[in-house]
Amino acid sequence: MYNKKHLQTIDRAIEKAKLLYDNCICCGHICNVNRNNNKIGRCKIFEDTNHIKTASHTLHFGEEPMLVGDNGSGTVFFSSCNLSCVFCQNHQISSDGIGEIIDIETLAEYFLDLEKQNALNINLVSATHVIYPVLKGLKIALEKGLNLPIVYNTNGYDTKELLDCLDGIIDIYLPDLKYVFDDKAFKYSRAENYFNVAINTIEIMKKQVGDLVVNDKGIAQSGIIIRHLILPNNESDSYDVLIELKERGFLKSTISLMSQYNPKFKALTFDNINRKITKKEYDDIVNYALDLGFENLLVQEMESSETYLPDFTREKPFQR
C-alpha cells in the first residue's frame, strides 16, 4: 500500500527538491544560496547532493506510543540542523558535528535494514536541511520494495515549498511548535519569524495528511502529531501555543505535551531555563489544555527528562 503510493510521487518530489536547492528555501531562514553548486547555507551543510551525514539509524522506543508499539520506530538521525537551540538534547549531532558521511545508496540500505528489523515506520529525524539527498535515497529503497509509513520528524521551521515536495511521500508528520513570541524563538533558537513559519507549516501538514489515524493495534498509519516541549518559567509560551492551536482548529488533533526538558548544552547559562520543569508547571499546562477542550493529548511522566537523553557517541544512542 505505502510502496505504490510513494513510488507514484517520488520522482516529482525529487525534481521539486532539486529546484529548492538552486536558491535554498528549504527552511524559514531562506538562505537563497545555490546548494546544488555546493554553496553553504545557514545549516552549514557542505556535502554534495549524492551524499549525506547521518549520526544514527536505529530502532527507537522513545517516540510517541503509536509510533513505536512493541517493535520500535525506524529512526534515521541526520547531522546538523537549521536551528540553533541552546537546550538541544541532540547537540552532539545538531551542533558538534558527530556523524558519518554516506552515499545515498547506503542511506537506502539503512531504510531497508530497519524494515527488516520490523520497524513500524521510517522516521526521518531533522531532515529539513538535507531533504534532496534524503528523497534520492528513499527512491532507491522504494524501488527495492520499502513498504512502510514515512514519518517526517521536524522542528517545524519548514517552508510551504518544501512541504509541497513531501505531499504524497510523508504519511505521518511530527512537527514541533516551540514558541509563539519571536523574542523567545530568537533568544533560544536563533530563528526569526518562527511562529508564523511553524504554524503555517503545521496547517499545511494537516491539510495533507489529516488528523492521526491508527490501526486496530493502536499503531499510527497516517496523520499529524504536534509536539510542544515545555520549558521552565513558561519560556516556551505554552499557554499561548495552546490558545493558538485551539483558535486554528486543532482541538481534535493529537498534541504531545513533553515534560522531558533537561537543561543541557548551553541552557545552563540562561537564567530562566537553567533547571528542569516542576510537576506543577507541567500539570498546570496539561490541565489548561484539557480546559480548552483538546481531545487527544499525549502526556509524559516527569522522569522522561532523564529517560530520553541520548549519547550519539554510542552505537545505540538511546540505550541506557
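Heads up: the structure comes first, above all this text.
Residues numbered from 1 in each chain as written. Predicted model: local features only at pLDDT ≥ 70, side-chain atom pairs only at ≥ 80, totals over all residues. Heavy atoms only, no water.

Draft legend 1. Structural detail: the packing of helix α9 (residues 238-247) against helix α10 (residues 279-292). Between α9 and α10, the shortest axis-to-axis distance is 10 Å and the interhelical angle comes to 20°. Here α9 lies roughly parallel to α10, going by the angle between them. The interaxial crossing formed by α9 with α10 has right-handed handedness. Where α9 abuts α10, its residues Ser238, Tyr239, Leu242, Ile243 and Lys246 lie against Asp284, Ile285, Tyr288, Ala289 and Leu292. Each residue belonging to the contact of α9 with α10 can be placed in one class, and the counts come to 7 nonpolar, 1 polar and 2 charged. (Axes fitted to C-alpha atoms, helices over the stretch in contact; angles between N-to-C directions. Helix = DSSP H or I, 4+ residues; strand = E, 2+ residues; numbered from the N terminus. Parallel < 35°, antiparallel > 145°, perpendicular 65-115°, else oblique. Left-handed = near helix turned anticlockwise from the far one by under 90°. Contact = heavy atoms within 4.5 Å. Nonpolar A, V, L, I, M, F, W, Y, C, P; charged D, E, K, R; others polar.)

Draft legend 2. Quick look at the nonpolar core. If you look at the biggest cluster of nonpolar residues, it comprises 89 residues, and the most contacted ones within it are Phe87, Leu135, Leu146 and Leu257. Among the elements that take part in this core, helix α8 (residues 194-209) stands out by supplying 9 residues, more than any other. Met66, Leu67, Leu174 and Leu298 belong to the second-largest nonpolar core, a separate cluster that totals 9 residues. (Core = buried A, V, L, I, M, F, W, Y, C linked by side-chain atoms within 4.5 Å. Buried < 20%, exposed > 50% of the residue type's maximum accessible area, 1.4 Å probe, protein only.)

Draft legend 3. Structural detail: empty space enclosed by the protein. Taken as a whole and assessed by the stated rule, the structure comprises 2 cavities of 30 Å³ or more. If you add up the space inside the second largest cavity, you get close to 80 Å³. Around the second largest cavity sit 13 residues that line it, and Cys24, Cys27, Cys31, Arg35 and Cys43 are the ones nearest its centre. Counted by class, the lining of the second largest cavity contains 7 nonpolar, 4 polar and 2 charged residues. (1 Å grid on protein atoms, 1.4 Å probe; cavity = no way out; pocket = protein on both sides within 12 Å on 5 of 7 lines; lining within 4 Å. Points joined across faces, edges and corners; volume = space filled by probe spheres on them.)

Draft legend 4. Looking closely at the layout of surface pockets. There is about 860 Å³ of room inside the largest pocket. In terms of lining residues, the largest pocket is bounded by 44 residues, among which Gln89, Asn90, Arg227, Met258 and Gln260 are the most central. Those elements that place two or more of their residues in the lining of the largest pocket are α2 (65-68), β2 (73-78), α3 (91-94), β5 (150-154), β8 (220-229), β9 (254-258) and β10 (296-299). Among the elements that take part in the lining of the largest pocket, β8 stands out by supplying 3 residues, more than any other. Looking at the lining of the largest pocket residue by residue, the class counts come to 22 nonpolar, 17 polar and 5 charged.

Draft legend 5. Quick peek at the pairing of strand β6 (residues 172-175). Residues Ile172 and Leu174 line one face of β6 and the alternating positions Tyr173 and Pro175 line the opposite face, and both faces are buried. Handedness of the crossover joining β5 and β6 through helix α6 (residues 160-166) is recorded here as right-handed. Note: β6 against β8, 2 bridges, orientation parallel. Bridge pairing in β8 links isoleucine 172 to glycine 223. (Right-handed = clockwise from strand over helix to strand, strands pointing away. Pairing = 2+ DSSP bridges.)

Draft legend 6. Inspection of the packing of helix α4 (residues 104-116) against helix α5 (residues 131-143) at higher detail. Axis separation between α4 and α5 bottoms out at 8 Å; the angle between their running directions is 60°. The orientation of α4 relative to α5 falls into the category oblique. In this structure, α4 meets α5 at a crossing whose hand is right-handed. Where α4 approaches α5, its residues Ile104, Glu105, Leu107, Ala108, Phe111 and Leu112 are matched on the opposing element by Pro133, Val134, Lys136, Gly137, Leu138, Ile140 and Ala141. Classifying every residue of the contact of α4 with α5 by side-chain character gives 10 nonpolar, 1 polar and 2 charged.

Draft legend 7. The pattern of salt bridges, seen in detail. In the structure shown here, the tally under the stated rule is 18 salt bridges. Here glutamate 203 and arginine 248 are joined by a salt bridge, their closest N and O atoms 3.4 Å apart. Taken together, the residues span a long stretch of sequence, with glutamate 203 in helix α8 and arginine 248 in the loop between α9 and β9 at a distance of 45 residues. The partly exposed category is assigned to glutamate 203, whose relative accessible area is 25%. When its relative accessible area of 35% is taken as the criterion, arginine 248 is described as partly exposed. (Salt bridge = Lys/Arg side-chain N within 4 Å of Asp/Glu carboxyl O.)

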